[in-house]
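Chain residues, written in single-letter form:
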Amino acid sequence: MFHLIFSVPSWYVIARVIVPLSMPLAVKVLLSMLALLASQYLLVSRFTSGGLFSAEMPRIIIILFNWAFSTVLLLALTQIAIDIIALLALLLRHPLELVPGVRYLAVLFAMVLAAVGVHQAIRVPPVKEVTLVLPDLPAAFDGYQLLQLTDLHITRLFNADWSAATVKKAMSLGVDLIVVTGDVIDGSLEHRRNDVAPLRGLYAPDGVWAITGNHEYFFHQAIWTEHLASLGLQPLLNSHRVIQRGEAKLVIAGLPDASAPARHAPGPDLAKALENAPADAPVILLDHQPRNARHNAALGVDVQLSGHTHGGLIVGLDRLFAKPNGGFVSGLYQVDGMQLYVNNGTALWPGMAVRLGRPSELTRITLRRQP
């Protein structure tokens, strides 16, 4: 069923774009087969050694598959828009005449836009500056800076070269603290050992702290947590650390992903994470998925940093991500007195590597004291 759903755009393109083209039947059959193949990248991935969530095939092949599927998806959406306009014209009895060759123009448009979208998805992300104003922030922490990395999905697509370039850019920012809010990898330790090695270069004076995302639980989470800790990504799972500047304190707390219990691992427990935390210190919570933000706000969290949604990938389609994530998809939200920042992601899952209007980001967060 999963793979059938992914094939739906291809069937629409075949019926509404390819079949009406003035071409020999053999060419139409070939184009139809290519459209269907483009939609089945995830099925092809299942037959590689990495499986559905970690395609172990050459990087260029992964890029081409993502470009081809994105082309089909965008072409289907473009053709739907054309069909809706034509239908409205028919209902309103408007003498609308489509531009000759409109389908060829639609194909070219989709191909170019898909190339832009894939490039936006796989590049080393630009820096995004975010300022959070906290009413109870101690004066000693005014101007304190964190770097949030999330959804790196280190794979054959986001490989050792990409990881090294991203770490180099991150280290040029000179922040006080680095947090990694889950989905660091896709793949086994055997496959990813070299690709994650550059993460050892991450350093900040107040530490590099990490939580799990849902994807860690697809690939032996305990093994990965231990290995990432050996690289300097210290796990913060149902626990917290107190950062001090003289007598002033700031709490950094972290939760395991909400999907953990389904994988027979300890689930998120905010009460446990904040046990014995100083009562008067602002709390910054790392929680991979944003959907529990209201619950976390009710328990006294001041700031929640999340990822998981990849920002919704494409403007307009991003609302499809809202309901399963509590209505939170991208950017800064005010949630019952708590500030929630949903990061678009440092990278994204290679199974859908396209971004249009929802850019990846290296997120430097500056804390400010409310005047």
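Scroll up for the structure.
Residues numbered from 1 in each chain as written. Predicted model: local features only at pLDDT ≥ 70, side-chain atom pairs only at ≥ 80, totals over all residues. Heavy atoms only, no water.

Some thoughts on the environment of Ser330
- Tracing the backbone shows Ser330 in the loop between strand 9 (303-306) and strand 10 (331-335).
- The spacing of Ser330 and Ser306 is 24 residues in sequence and 9.6 Å in space, taken between C-alpha atoms.
- Only 2.6 Å separates the side chain of Ser330 from the side chain of Asn344, close enough to count as a polar contact. (Helix = DSSP H or I, 4+ residues; strand = E, 2+ residues; numbered from the N terminus. Polar contact = N/O pair within 3.5 Å; in protein donor to acceptor, adjacent residues only side chain to side chain.)

Here's the deal with the nonpolar core
- Counting residues in hydrophobic clusters, the biggest one holds 66 residues, and the most contacted among them are Leu147, Leu149, Ile178, Val180, Leu199, Leu202 and Leu233.
- For this core, the leading source of residues is helix 4 (residues 59-91), giving eleven residues.
- The residue makeup of this core includes at least three contributed by each of domain 1 (1-122) and domain 2 (127-369).
- For Leu202, the residues in contact, after removing those within four places along its chain, are Leu149, Val167, Ala170, Met171, Ile178, Val208 and Leu233.
- One finds Val130, Tyr144, Leu177 and Ile211 within the second-largest nonpolar core, a separate group that totals 23 residues. (Core = buried A, V, L, I, M, F, W, Y, C linked by side-chain atoms within 4.5 Å. Buried < 20%, exposed > 50% of the residue type's maximum accessible area, 1.4 Å probe, protein only. Domains from an automatic or database assignment. Contact = heavy atoms within 4.5 Å.)

What to know about the sheet that holds strand 9
- Reading across the sheet, the six strands line up as 6-7-8-9-11-10 and stay open at both edges, with mixed pairing between neighbours. The sheet is open, and its two borders are formed by strand 6 (239-245) and strand 10, each paired with just one other strand. Taking the axes of each pair of neighbouring strands and ignoring which way they run, one obtains an average angle of 20 degrees across the sheet.
- With four bridges connecting them, strand 7 (residues 248-254) and strand 8 (residues 283-286) associate as parallel partners. Across the sheet, the residue bridging to Val251 is Val283, located in strand 8. (Pairing = 2+ DSSP bridges. Axes fitted to C-alpha atoms, helices over the stretch in contact; angles between N-to-C directions.)

Points about unusual backbone geometry
- Phi is positive for His220, close to 60 degrees, though the residue is something other than glycine.
- Structurally, His220 is set in the loop between strand 4 (208-211) and helix 8 (221-230).
- On the basis of relative accessible area, His220 is assigned to the exposed category, the value being 58%.
- The backbone phi angle of His308 is positive, close to 80 degrees, even though this residue is not glycine.
- Structurally, His308 is set in the loop between strand 9 and strand 10.

With respect to the pattern of salt bridges
- Applying the stated rule across the entire model yields ten salt bridges.
- Residues Arg192 and Asp195 are paired through a salt bridge, measuring 3.1 Å at the closest nitrogen-oxygen approach. Of the two residues, Arg192 and Asp195 are both situated in helix 7 (residues 189-196); the distance of three residues between them amounts to about one turn of the helix.
- Exposure remark for Arg192: the relative accessible area of 0% places this residue in the buried category. (Salt bridge = Lys/Arg side-chain N within 4 Å of Asp/Glu carboxyl O.)

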